[in-house]
Amino acid sequence: MSRWYAEIILPLPLDTTFTYAIPAEMENSVRVGYRVIVPFGRKKYYTGIVRSLTTQSPEGFETKEIAVALDNHPIVRHPQLKLWEWVAEYYMCAAGDVYKAAVPSGLKVESETFVEVNPDYEPGEDTPLDDREAMIVSLLGDEKCMAVSAIARELTVKNLPALITSMIDKGILVISEKIIERYRAVRHTVVIPEYDISGMADAFSSVKSAKKQERLLMTLTEMSGVNRRGADVKEVDRKELLDRAGVTSAVLNAVIKKGLARIEKREINRFKFDGTPTGKLPLLTQAQMKACDEITAQWRDKSTVLLHGVTSSGKTEIYSHLIDAALSRGEQVLYLVPEIALTTQLTRRLQNVFGNSVVVYHSKFSDNERVDIWKTMLAEQTPRVILGARSSLFLPFGRLGLVIVDEEHESSYKQADPAPRYNARDTALVLASMHGAKALLGSATPSVETYYKAINGKFGLVSLTTRYNELPLPPIHIVDMKRARQRGEVEGPLSLDAVRSINGAVEASKQAILFRNRRGFAPMVRCKQCAWVPKCQYCDVSLTYHNHSRQLVCHYCGAVYELPDLCPQCRQPAIEVIGYGTERVEGEIENIFPASKVLRMDLDTTRNKDGYESIIDAFSSHKADILVGTQMVTKGLDFGTVSTVVVINADELINIPDFKASERAFNMLEQVSGRAGRGDAAGSEVIIQTYTPDHPILQFVSGHSYLGFYEHEIEERKRYLYPPFTRIIYIYLKHADASVLQQFSHAYAQLLASQLGSRVSGPDQPRVTRVKSLYIQKIMIKVEAGASLAKLRQVLKDTYVKMAKNPAIKNSQVYYDVDP
Ligand code: ADP
Ligand code: ZN
Ligand code: ZN
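Residues numbered from 1 in each chain as written. Chains lettered and ligands numbered in written order. Predicted model: local features only at pLDDT ≥ 70, side-chain atom pairs only at ≥ 80, totals over all residues. Heavy atoms only, no water.

Novice: Can you help me understand the overall build of the chain in this one?
Specialist: A tally of regular secondary structure across the chain gives 25 helices and 36 strands. Burial analysis of the chain (820 residues in total) assigns 53% to the buried set. Of the contacts formed within the chain by residues at least 6 apart in sequence, a portion of 75% connects residues at least 24 apart. Per element, the accessible surface of the chain, about 37,400 Å² overall, is 49% carbon and sulfur. Of the charged side chains in the chain, 101 are positive and 97 negative; the average position of the first set lies 1 Å away from that of the second. (Helix = DSSP H or I, 4+ residues; strand = E, 2+ residues; numbered from the N terminus. Buried < 20%, exposed > 50% of the residue type's maximum accessible area, 1.4 Å probe, protein only. Contact = heavy atoms within 4.5 Å. Areas by Shrake-Rupley, 256 points an atom, 1.4 Å probe, with all protein chains shown as cover. Lys, Arg positive; Asp, Glu negative; His and termini not counted. Charge placed at Lys NZ, Arg CZ, Asp CG, Glu CD.)

Novice: I would appreciate a short explanation of the pairing of strand E23 (residues 524-527) in the present structure.
Specialist: One face of the sheet, then the other: side chains in a regular strand alternate in exactly this way. Side chains Val-525 and Cys-527 project from E23 onto a buried face, and the interleaved Met-524 and Arg-526 project onto a face without burial. Where E23 and strand E27 (residues 575-578) come together, 4 bridges link them in antiparallel fashion. The residue of E27 that forms the bridge with Met-524 is Ile-578. (Pairing = 2+ DSSP bridges.)

Novice: Where do I start with the coordination of the zinc ion (ligand 2) in this structure?
Specialist: Note on metal geometry: ideal angles are 109.5 degrees for four donors arranged tetrahedrally and 90 or 180 degrees for six donors arranged octahedrally. The coordination sphere of the zinc ion (ligand 2), as far as protein atoms go, consists of Cys-527 (SG), Cys-530 (SG), Cys-567 (SG) and Cys-570 (SG), spread over 2.2 to 2.3 Å. Metal-centred angles of 105 to 113° between the 4 donor atoms at the zinc ion (ligand 2) mark the site as tetrahedral. Expressed as a motif, the donor residue spacing for the zinc ion (ligand 2) is C-x2-C-x36-C-x2-C. Pair noted here: Cys-530 is in the loop between E23 and strand E24 (544-546) and Cys-570 is in the loop between strand E26 (560-562) and E27, with a separation of 40 residues, a long-range link. (Donors = N, O, S within 2.8 Å, 3.2 Å for Na, K, Ca; no water. Tetrahedral: all angles 85-135°; square planar, octahedral: opposite > 155°, others 65-115°.)

Novice: Help me out: how do you make sense of the side chain of His-735 in this one?
Specialist: Note that His-735 resides in strand E32 (residues 726-735). A distance of 2.9 Å separates a polar side-chain atom of His-735 from the backbone nitrogen of Asp-737. (Polar contact = N/O pair within 3.5 Å; in protein donor to acceptor, adjacent residues only side chain to side chain.)

Novice: Help me understand the site of ligand 1 in this model?
Specialist: Near ligand 1 you find 16 residues, and of these Leu-283, Gln-288, Ser-312, Lys-315 and Asp-638 are the closest. Gln-288 has a polar side-chain atom sitting 2.8 Å from a nitrogen atom of ligand 1. Within the side chain of Glu-317, an N or O atom sits 2.9 Å from an oxygen atom of ligand 1. Relative to its unbound accessible area of 550 Å², ligand 1 is 81% covered by the protein chains. (Near = heavy atom within 4 Å.)

Novice: I would appreciate a short explanation of the sheet that holds strand E31 (residues 685-690) in the present structure.
Specialist: By way of backbone hydrogen bonds, the strands of a sheet pair with one another, either parallel or antiparallel. Read from one edge of the open sheet, 6 strands run E19-E31-E30-E22-E29-E28, paired in parallel fashion. Strand pairing shows two members of the sheet lacking a second neighbour, strand E19 (476-480) and strand E28 (598-601), which therefore form its edges. For this sheet, the mean angle separating the axes of adjacent strands, direction not counted, is 20°. Sitting on the sheet, helix H17 (residues 496-507) is in contact with E19, strand E22 (511-515), strand E29 (626-629), strand E30 (642-647) and E31, with an inclination near 160° to E30. (Axes fitted to C-alpha atoms, helices over the stretch in contact; angles between N-to-C directions.)

Novice: I'm lost on the pattern of salt bridges in this one. Help?
Specialist: Working definition: two side chains of opposite charge can pair if their charged atoms are close together. One pass over the full model with this rule turns up 33 salt bridges. The shortest N-O distance in the salt bridge between Lys-290 and Glu-294 comes to 3.4 Å. Here Lys-290 and its partner Glu-294 are both found in helix H10 (residues 286-298), 4 residues apart, which amounts to about one turn of the helix. Of the residues examined, Lys-290 reaches a relative accessible area of 54% and is grouped as exposed. Here Arg-349 makes a salt bridge to Asp-638, at a shortest N to O gap of 3.5 Å. Of the two residues, Arg-349 is situated in helix H12 (residues 340-354) and Asp-638 in the loop between E29 and E30; the sequence distance between them amounts to 289 residues. The network of salt bridges with shared partners includes Glu-317, Arg-349, Asp-638 and Arg-678. (Salt bridge = Lys/Arg side-chain N within 4 Å of Asp/Glu carboxyl O.)

Novice: Where do I start with the coordination of the zinc ion (ligand 3) in this structure?
Specialist: The coordination sphere of the zinc ion (ligand 3), as far as protein atoms go, consists of Cys-536 (SG), Cys-539 (SG), Cys-554 (SG) and Cys-557 (SG), spread over 2.2 to 2.4 Å. Coordination at the zinc ion (ligand 3) is tetrahedral, judged from the 4 donor atoms that bind it and the angles of 106 to 114° they form at the metal. Sequence positions of the residues that donate to the zinc ion (ligand 3) give the spacing C-x2-C-x14-C-x2-C. Residue Cys-539 is located in the loop between E23 and E24, and its partner Cys-554 is located in the loop between strand E25 (551-553) and E26; the two are separated by 15 residues in the primary sequence. Like Cys-539, the residue Cys-554 is buried in the burial classification.

Novice: What should I look at first to understand the environment of Lys-144 in this one?
Specialist: Relative to the helices and strands, Lys-144 resides in the loop between helix H3 (131-140) and strand E7 (145-147). Along the sequence, Lys-144 and Ala-595 sit 451 residues apart, while their C-alpha atoms lie 60 Å from each other. The residues touching Lys-144, leaving out its near neighbours within four places in the chain, are Val-115, Glu-116 and Leu-139.

Novice: Help me understand the environment of Leu-140 in this model?
Specialist: With respect to the helices and strands, Leu-140 occurs in helix H3. Residue Leu-140 is classed as buried on the basis of its relative accessible area, which comes to 1%. Linking Leu-140 and Ala-681, residues 541 residues apart in sequence, is a C-alpha distance of 68 Å.

Novice: In this structure, what is going on with the nonpolar core? I would like to understand it.
Specialist: Generally speaking, a soluble globular protein has its nonpolar side chains buried in company with each other. Counting residues in hydrophobic clusters, the biggest one holds 149 residues, and the most contacted among them are Trp-84, Ile-323, Tyr-335, Leu-393, Ile-781 and Leu-796. Per element, the largest residue contribution to this core is 7 residues, and it comes from H12. In this structure, Trp-84 is in contact with Ile-9, Ile-49, Val-76, Val-98, Tyr-99, Ala-102, Val-103 and Phe-394, ignoring residues within four places of it in sequence. (Core = buried A, V, L, I, M, F, W, Y, C linked by side-chain atoms within 4.5 Å.)

Novice: What should I look at first to understand unusual backbone geometry in this one?
Specialist: With glycine set apart, most residues show a phi of negative sign, and most peptide bonds adopt trans. Here the bond from Ala-419 into Pro-420 is cis, since omega is 0°, no more than 30 degrees from zero. Within the secondary structure, Pro-420 sits in the loop between strand E16 (400-406) and helix H14 (424-435). Backbone torsion omega between Pro-723 and Pro-724 reads 10°, so that peptide bond is classified as cis. Secondary-structure assignment places Pro-724 in the loop between helix H23 (706-719) and E32.

Novice: So what exactly am I meant to see when it comes to the packing of aromatic side chains here?
Specialist: How two aromatic rings sit relative to each other is given by the distance of their centres and the angle of their planes. As enumerated under the stated definition, the model contains 20 aromatic pairs in all. When the ring of Trp-86 is compared with that of Tyr-91, the centres are 5.7 Å apart and the planes differ by 85°; the resulting orientation is edge-to-face. On the basis of relative accessible area, Trp-86 is assigned to the partly exposed category, the value being 23%. When the ring of Tyr-451 is compared with that of Tyr-706, the centres are 5.1 Å apart and the planes differ by 75°; the resulting orientation is edge-to-face. (Phe/Tyr/Trp six-rings, centres within 6.5 Å; stacked < 30°, edge-to-face > 60°.)

Novice: What exactly am I supposed to notice about the pairing of E28 here?
Specialist: The alternating pattern of E28 places Val-598 and Arg-600 and Leu-599 and Met-601 on opposite faces, both of which are buried. Here E28 pairs with E29 via 4 bridges, running parallel. Bridging from a neighbouring strand, Leu-599 pairs with Leu-627 of E29.

Novice: I tried to follow helix H7 (residues 211-224) on my own but got confused; where do I start?
Specialist: Because an α-helix completes one turn every 3.6 residues, residues spaced three or four positions apart along the sequence face the same direction. In this model, H7 (14 residues) spans 20 Å end to end at C-alpha, consistent with the 20 Å of a helix rising 1.5 Å per residue. Positive backbone phi, approximately 80°, marks Gly-225, located one or two places after H7. (Expected span 1.5 Å × (residues − 1).)

Novice: Sorry if this is basic, but what is going on with the packing of helix H1 (residues 78-90) against helix H2 (residues 95-102) here?
Specialist: The geometry of H1 relative to H2 is characterised by a closest axis approach of 8 Å and an angle of 125° between their N-to-C directions. In this view, H1 runs oblique relative to H2, as classed from their interaxial angle. Seen along the crossing, H1 lies across H2 with a hand that is right-handed. Contacts between H1 and H2 involve Trp-84, Val-87 and Ala-88 from the former and Ala-95, Val-98, Tyr-99 and Ala-102 from the latter. Per-class residue counts for the contact of H1 with H2 are 7 nonpolar, no polar and no charged. (Parallel < 35°, antiparallel > 145°, perpendicular 65-115°, else oblique. Left-handed = near helix turned anticlockwise from the far one by under 90°. Nonpolar A, V, L, I, M, F, W, Y, C, P; charged D, E, K, R; others polar.)

Right, here's the structure in full:
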């Protein structure tokens, strides 16, 4: 009988799968897409995914055996594995990197070694324990198994992995096979009254002498509604009950003992939507209906259609109709948005129509919640619409019928770090085609590449040129900040024009949005005397001052520093902060408009899961008049009463040395303008503050002229040979030693150029030359749009292999950024 082997994908940045032997007793529980735990390296265990099975025994080395088989059904299905492979190949990263990004860690169990005390170990004379060993044995007790990392958290022992290894060698510890799945379905405890309305008096008299029990009973009565005749008695969440009553669980236990209440465990269903869906779709306007029909018609011969609809034209309403059609065909729908903030408003809009069929998925969810969604999708085939940010395209779809990529132009669809450095829009199109699903890209400002494909017939194209209700797009007012300053018409970060406009909005009970793309209090700190500027110890960037924490922060690595009272260079108390980040703008606005309520939305105010929600809710319900924020406020949000939008500094968007900078600047300015005048147009206005008022980008924004911008930009791309006329791959090289890196990267570029000629340029230093203690060099590869990517990839891989002989590679990082 032949022996079976499995090819396993491990969650490691390694380019291959690994072959393991399947022990005879596991032959029925190891299948493609199942999870297994395997030993790797000297003493490590990982959860891997079975990629394929074979009877071919690997040659030249001894294979290890799979240690544990975890599943009896696949966790990853065939189409997902295909997608992983595509991502790994196209974006030139390891399959293990894709696995890491795609699967929530709760399903990967622990990627660390678990140990327990060897059951055969007899403490005694012949194996005396030293102090450190004794500590570990007592921590593990008789039957606990712990990850090495968990032990490290409990005990401060130097060189723990080495110690553990030696204890294993001595037979004191063994690698545990009782590896615990980290995932646990979340359960909560509910309390149910054991009395009814007629028994209330008796119930209360039995706790009369115990004040706390009485208070608990009162709270329970109120919360459950036992006291309301004819109403259903509700189960009450235990924690909430205790919190509200202000008593401990001992009090509850006493009440339970008296037979007045009982507790039960409930699984939390995270798919639950508490409201009642109307089940009603919005009635489409004539123009919207026409667009909707055209999309469906074009899908007959093109799998991807671009919906180019101006801001507030009702793209979301059109999506709803298409989603409804897909759901009623029994299909799943993936609705991608570029920013988690956008899911907040959309969730509600979609749930109103589709109720529990809406599932939201993104990285702000806890790992347990993500595991829940993953498992539910594996277990069921219910048509659902998954609303999510980029990682949701890795969910285990079974019968995907429609993929919507909203705001398809957004650069945040591209993951910059870590690998896989994929573009979720492009990957979503591949996903759709793997499922034979239709795809819809939507935007008011389509990316240059997408629009180029649409007008050249690769994608379908449907345009919607009027706003819902025929509302006009808001007028744009460009403010020349140099002139404003000369005339003394500037107050803090704002021109007097902006102040006037915000004032007008507030007085008319409207709202204003202020956009400043720098978080923190002041982007620059400097000594007035000697021009000293604090820099990050690990990165080549100056630090941003955050006032609420009174600290200097590196926005590249997160390092924090104290703001010194005296300049460390000249010893003078001459340190000043310069410029306006969102935190400072917020403060200034509060001073200028003391009667108005101001909210701020940026990375610092949205760190926890509900951060976005509470800010967006408060602003939607007009609990605040002015919203200050970074690019988060520019995208897709729909507030009916915003009449003024102020772009505090347009120049920071325009003056970036990157071939996509103009496109990004135009998109951002046009999108943020689109937040104004959505409910009604009266008095709505966009103020753009700039030192370069004649810049062509600003002219296009002024005229809301997407086509003007596109034609200008596509000419530039053609002239300078940028995408869509070429394809670009950056190779990043990083090393802690600047001169080693210098040599290494030059040799690298030279070797590439010997095969690719003038398609190679660089190495160049990126704008920030050092991050997290590593120096960076970048080589650009630019190939003809029609060139064979497979060949190019082979050249790149061969070059890497050749360069691997260079000793500098040992401590270097080399990675690719495809379609940057
Ligand atoms: P877009 O996604 O194109 O920016 P939205 O779909 O957010 O536009 O629509 C803008 C606003 O107009 C929303 O508040 C939306 O509810 C409203 N709206 C659009 N179309 C309709 C319609 N057919 N019926 C009712 N309201 C609509
Ligand atoms: Zn100084
Ligand atoms: Zn730093």
